[in-house]
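If you want the building blocks of each chain, they are given just below.
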Amino acid sequence: AQSVTQLGSHVSVSEGALVLLRCNYSSSVPPYLFWYVQYPNQGLQLLLKYTSAATLVKGINGFEAEFKKSETSFHLTKPSAHMSDAAEYFCAVRPWGSYIPTFGRGTSLIVHP
Amino acid sequence: GAGVSQSPSNKVTEKGKDVELRCDPISGHTALYWYRQSLGQGLEFLIYFQGNSAPDKSGLPSDRFSAERTGGSVSTLTIQRTQQEDSAVYLCASSGGTENTEAFFGQGTRLTVV
């Protein structure tokens, strides 16, 4: 069975500061990994995905994530936070051979002026 | 339509009533998922369809919950005899059905049981 752990239910940063949202996964087989963003009263929107090509994945809105197999991690980063980045972020894992993504509990990103 | 469409967007119902939630996936997507999102609980998997079949319905919390999909397209999630703990946002997603494609989500139905 697979699982996803997102460390920190809330992360607070100042505008212009580095954003780091942590995601660790467990999977018995190689995984596909995803980051989604959810703005208030909206569904989830894909930010980026890892599908076994490059380990450093670039997504929309300046976000990127690095797959580290040895650490079973897929942390999401952005060099400089904008106020518009304030939202809920979800990490998801889908093992090879499975069609069902498992989601973490989410991390709420708060951006201070 | 261009995206996943869910209706209604909001539903308030009395405890004990039945409700039906509808999902229109992206045209051509063979895989369809239902998730439940409760405050602070992340996304809880309910059921997965491939075409009209549900190979995995392990997440349905009780026999009050059921879902069907017809014509490989529209899906309906039915909750019978609703309880207050059923209050949540119900999210539908669809994907192309291959392993490395992502799921595309609808905006959800917010269900409130009073």
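Residues numbered from 1 in each chain as written. Chains lettered and ligands numbered in written order. Predicted model: local features only at pLDDT ≥ 70, side-chain atom pairs only at ≥ 80, totals over all residues. Heavy atoms only, no water.

So, the interface of chain B and chain A: which residues are in play, and what are the values?
Facing 22 residues of chain B, the contacting portion of chain A comprises 22 residues. Together chain B and chain A conceal approximately 1900 Å² of surface at their shared face, both sides included; 51% is due to carbon and sulfur atoms. Scanning the region where chain B abuts chain A turns up 1 salt bridge. Viewed at the interface, chain A and chain B are joined by 7 residue pairs in polar contact (both at pLDDT 80 or more). (Contact = heavy atoms within 4.5 Å. Buried area = accessible area lost by both parts, 1.4 Å probe. Salt bridge = Lys/Arg side-chain N within 4 Å of Asp/Glu carboxyl O. Polar contact = N/O pair within 3.5 Å; in protein donor to acceptor, adjacent residues only side chain to side chain.)

Describe the layout of surface pockets, and please don't skip the residues or the numbers.
A volume near 670 Å³ is recorded for the largest pocket. Around the largest pocket, the lining comprises 29 residues; the ones closest to its centre are Gln38(A), Gln37(B), Leu39(B), Val89(B) and Arg110(B). Secondary-structure elements contributing two or more residues to the lining of the largest pocket are strand E10 (87-95) of chain A together with strand E9 (88-95) and strand E11 (109-113) of chain B. Ranked by residues supplied to the lining of the largest pocket, first place goes to E10(A) with 3 residues. Its residues assigned to classes, the lining of the largest pocket shows 7 nonpolar, 19 polar and 3 charged. Around the second largest pocket sit Tyr25(A), Ser27(A), Ser28(A), Val29(A), Pro30(A), Pro31(A), Tyr50(A), Ser52(A), Phe67(A), Lys69(A), Thr72(A) and Trp96(A), which together line it. Across the lining of the second largest pocket, the residue classes break down as 7 nonpolar, 4 polar and 1 charged. (1 Å grid on protein atoms, 1.4 Å probe; cavity = no way out; pocket = protein on both sides within 12 Å on 5 of 7 lines; lining within 4 Å. Points joined across faces, edges and corners; volume = space filled by probe spheres on them. Helix = DSSP H or I, 4+ residues; strand = E, 2+ residues; numbered from the N terminus. Nonpolar A, V, L, I, M, F, W, Y, C, P; charged D, E, K, R; others polar.)

Please give an account of the nonpolar core that cites residues and values.
All names here are of chain A. With 26 residues, the main nonpolar core has Trp 35, Leu 48, Leu 76 and Tyr 89 as its most contacted residues. Looking at this core element by element, the count peaks at 4 residues for E10. Excluding residues that lie within four positions of it along the chain, Leu 48 makes contacts with Leu 33, Phe 34, Trp 35, Val 57, Lys 58, Gly 59, Phe 63, Glu 64, Ala 65, Phe 74 and Leu 76. (Core = buried A, V, L, I, M, F, W, Y, C linked by side-chain atoms within 4.5 Å. Buried < 20%, exposed > 50% of the residue type's maximum accessible area, 1.4 Å probe, protein only.)

Function cannot be read off these values alone, since they describe shape.
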